[in-house]
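Working through the structure, step by step
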Amino acid sequence: MNIAECNILMELQRSGSTSQRALARAVGHSLGVVNRSLKALHEAGYTDDDCRPTEKAAAEFRARQPRQAVILAAGAGMRMIPLNMEVSKGLLEVNGEVLIERLIRQLQEGGIREIYVVVGFMKEKYEYLMDAYGVELIVNPEYALKNNLHSLYLAGGEHLAETPNYHVFHMFQTHMG
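For the structure given in this document, a descriptive report is provided here.

It is worth spelling out the pattern of salt bridges at this point. Following the criterion strictly, the structure yields 4 salt bridges and no others. Among the salt bridges present, the one from glutamate 11 reaches arginine 14, with a minimum N-O distance of 2.8 Å. Here glutamate 11 pairs with arginine 14, and both are found in helix H1 (residues 3-15), just 3 residues apart, close to one helical turn. A relative accessible area of 9% places glutamate 11 in the buried class. Among the residues examined, arginine 14 registers a relative accessible area of 49% and is labelled partly exposed. Salt-bridge contacts for glutamate 97 lead to arginine 105; the nearest nitrogen and oxygen are separated by 2.7 Å. Beyond isolated ion pairs, a larger network of salt bridges with shared partners links Glu97, Arg102 and Arg105.

Structure below.
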C-alpha cells in the first residue's frame, strides 16, 4: 500500500465518505490518484464493493498503530523567556491545562501507553509525571550543549527498538474543530 492509498483508506475509516471529490479534498490528492487508489484498495481486499473498509483494513490499522511515543522536553525554551523563567515550557499552563499533561493524555487516549519524556532543563519538575501518568523520564544531561537530535538519540536504542515502521498521522485531528 502506498502513501496515497493509506491516506485514502484512513479517510474512509475516519469519515465514511465514499465521494471521490470529498476524498480528494480531504487527503489533498487529485481525482485520478483517488480513483486509482480506490481501485487498488478494492483489488487488495481493503475495501468492499461499497468502498467501505473491510476487516483486513481494520487489522492493518491495528497492526500499524503506534505503541510508543517520545516527548522532547529537555530544552530551556530560550525563545519563550520571560514566560518560562520559573517553569519549563512543557509545564506552562494554557487554557487551564498543563501542556505536557494534555499531550500525554491525548497520546493515552489514542492508545499509546509506552511514553518516554526526555528532560533536561528543570528536570526535577517533571518527576511527578511518572506517578501521575506512568511515563518514563530519560535525562539529557547535555541539553544546554546539544539539540533535540541528541535528546532523540538518548531515547533511541532499547526504547524504540520495537518500532520498525515510521507512521505519519495527525494525532490532534480529532481534537481540532
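Before going further, it helps to spend a moment on the sheet that holds strand E4 (residues 114-119). Reading across the sheet, the 3 strands line up as E1-E4-E5 and stay open at both edges, with parallel pairing between neighbours. A single partner strand is all that each edge strand has here, and the edge strands are strand E1 (68-73) and strand E5 (136-139). Ignoring which end each strand starts from, the neighbouring axes of this sheet average 25 degrees apart. Bridge count between E1 and E4: 6 bridges; the pairing is parallel. In the sheet register, valine 70 faces E4, and the bridge partner there is tyrosine 116. Sheet strands in contact with helix H5 (residues 99-109) are E1 and E4, and its direction is about 170 degrees off that of E1. Across the sheet, helix H7 (residues 148-155) is in contact with E1, E4 and E5; its angle to E1 comes to roughly 145 degrees.

Turning our eyes to something else, we now look at the packing of aromatic side chains. Going through the model one piece at a time under the given rule, you end up with 0 aromatic pairs. Across from the ring centre of tyrosine 46, 4.7 Å away, lies the NZ or CZ of lysine 56, which sits over that ring.

Despite not being glycine, asparagine 95 shows a phi value in the positive range, around 50 degrees. Residue position: asparagine 95 is located in the loop between strand E2 (93-94) and strand E3 (97-98). Even without glycine at this site, methionine 122 takes up a positive phi of about 55 degrees. Along the chain, methionine 122 falls in the loop between E4 and helix H6 (128-133).

Analysis parameters
Residues numbered from 1 in each chain as written. Predicted model: local features only at pLDDT ≥ 70, side-chain atom pairs only at ≥ 80, totals over all residues. Heavy atoms only, no water. Salt bridge = Lys/Arg side-chain N within 4 Å of Asp/Glu carboxyl O. Helix = DSSP H or I, 4+ residues; strand = E, 2+ residues; numbered from the N terminus. Buried < 20%, exposed > 50% of the residue type's maximum accessible area, 1.4 Å probe, protein only. Pairing = 2+ DSSP bridges. Axes fitted to C-alpha atoms, helices over the stretch in contact; angles between N-to-C directions. Contact = heavy atoms within 4.5 Å. Phe/Tyr/Trp six-rings, centres within 6.5 Å; stacked < 30°, edge-to-face > 60°. Lys NZ or Arg CZ within 6 Å of the ring centre and 35° of its normal.

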